[in-house]
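Observations on the model geometry
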Amino acid sequence: MIMLIPLEYNGPKMQDYRCSAQCTWCDGCGDYGIWTAVKRALVELRIAPNQVCLCFDVGCHGNGSDKLTGYRFHGLHGRVIPFAAGAKLGNMKLPVIAFGGDGASFSEGIGHLVHGIRSNYPITFILHNNANYGLTLGQASALTRQEQKMNSSPNGIPEHTLNSMDMVFALEPTFVARGFSGDIPQLTKIFKAAIEHQKHGFAFVDVLQACPTYNFFATHEYLLGKCYDANADGHNPRCEPSKARALAINTSEKIATGILYQCEDAPNFYERLKPRNGKKTTLVEEVKECDVEEFMKKLV
Ligand SMILES: Cc1ncc(C[n+]2csc(CCOP(=O)(O)OP(=O)(O)O)c2C)c(N)n1
């Protein structure tokens, strides 16, 4: 086979991430916008498909794992953060992005999200926030509005809706952003910043997304009308956490999007690991082939 290799490599292109598997998301699903913005962000950062680890949770969004190329891992529902963090700690040179739904991240896997943020694992986490369990046909999640009628809760849910941003800020995050699946240029900018933040720790990105099949409240049009770019409006993310927290949780009139908070001064989890201090190699580079025969003989 003859391959044509360009004389000069100008970095990856969008089509390098192209995959022949067909998208099965519903027409109008916000996953399309997020999927496009992720690829754009990676290409603009000159990260090729073989230079990134993309980790997917189970859910509609997780089905994106075979809708693009690159090193991908598709794990168990709610468990994306542990395996993404493990991949990163094994190879600190690798950009790692974890994707999770609001069902997975704020119910089944809420413990992992809590400890991912408080540990300041050096990874990027992108929340596909469609405010329901999409893949299993529209049950209420912890982020569904209490009064919203859903398939398994026709009278609304008995519990109050979790204030997700308030919870995230209580965990002393080092990066918090919010985007909207209908604004791909802004999402691309946010994702680039969130990928670059990995050297400082855990980057939490909440993406409000349309779910035209099950979420009849936060529609594309509703989000388009409510969301505004807080950074363009003068908000500086390197502010006091309390200021960013107030901006993030006050969504009654308008919803602030953009990079809401960023702190580059706190050490990340890896930097706090004393046995790794001063090491120039990664754990992956340190793995050696080892003959365990003698060791096994001692066991029997
Ligand atoms: C531990 C576990 N609990 C529940 C399920 C069933 N399940 C698979 S996908 C899914 C819904 C996913 O919802 P969400 O995480 O919000 O993602 P979305 O589909 O909305 O993108 C559920 C409940 C499972 N596979 N594993």
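Look up a bit, the structure's there.
Residues numbered from 1 in each chain as written. Predicted model: local features only at pLDDT ≥ 70, side-chain atom pairs only at ≥ 80, totals over all residues.

**What about the site of the ligand?**
Within the structure, the ligand sits among 18 residues, and Gly59, His77, Gly101, Gly103 and Gly134 are positioned closest to it. No other element matches helix H3 (residues 102-108), which puts four residues into the shell around the ligand. Classifying every residue of the shell around the ligand by side-chain character gives five nonpolar, 11 polar and two charged. (Near = placed C-beta within 6 Å. Helix = DSSP H or I, 4+ residues; strand = E, 2+ residues; numbered from the N terminus. Nonpolar A, V, L, I, M, F, W, Y, C, P; charged D, E, K, R; others polar.)

**Some remarks on the environment of histidine 77**
Along the chain, histidine 77 turns up in the loop between strand E2 (71-74) and helix H2 (80-90). With 70 residues separating them along the chain, histidine 77 and glutamate 147 place their C-alpha atoms 26 Å apart. Apart from the residues within four sequence positions on either side, histidine 77 is in contact with Asp57, Val58, Ala104 and Glu108. (Contact = placed C-beta atoms within 7 Å.)

**Details of the packing of H2 against helix H4 (residues 110-119)**
For the pair H2 and H4, interaxial distance at closest approach is 8 Å and the crossing angle is 35°. Here Ile81, Pro82 and Ala85 of H2 come into contact with H4, specifically with His112, Leu113 and Gly116. Residues belonging to the contact of H2 with H4 are distributed by class as follows: four nonpolar, two polar and no charged. (Axes fitted to C-alpha atoms, helices over the stretch in contact; angles between N-to-C directions.)

**Thoughts on unusual backbone geometry**
One non-glycine residue, arginine 46, lies in the positive phi region at around 60°. Position of arginine 46 among the secondary structure elements: in the loop between helix H1 (31-44) and strand E1 (53-56). Of the residues examined, arginine 46 has 11 C-beta atoms within 10 Å and is grouped as exposed. One non-glycine residue with positive phi stands out, namely glutamate 172, at about 55°. (Buried ≥ 20, exposed ≤ 12 C-beta atoms within 10 Å, placed from the backbone.)

**Let's talk about the sheet that holds strand E7 (residues 227-229)**
Strand order across the open sheet formed by eight strands is E2-E1-E3-E4-E6-E5-E8-E7, with mixed pairing between neighbours. The open sheet has two edge strands, E2 and E7, and neither has a second partner. Adjacent strand axes in the sheet meet at a mean angle of 25°, parallel and antiparallel pairs treated alike. (Pairing = 2+ DSSP bridges.)

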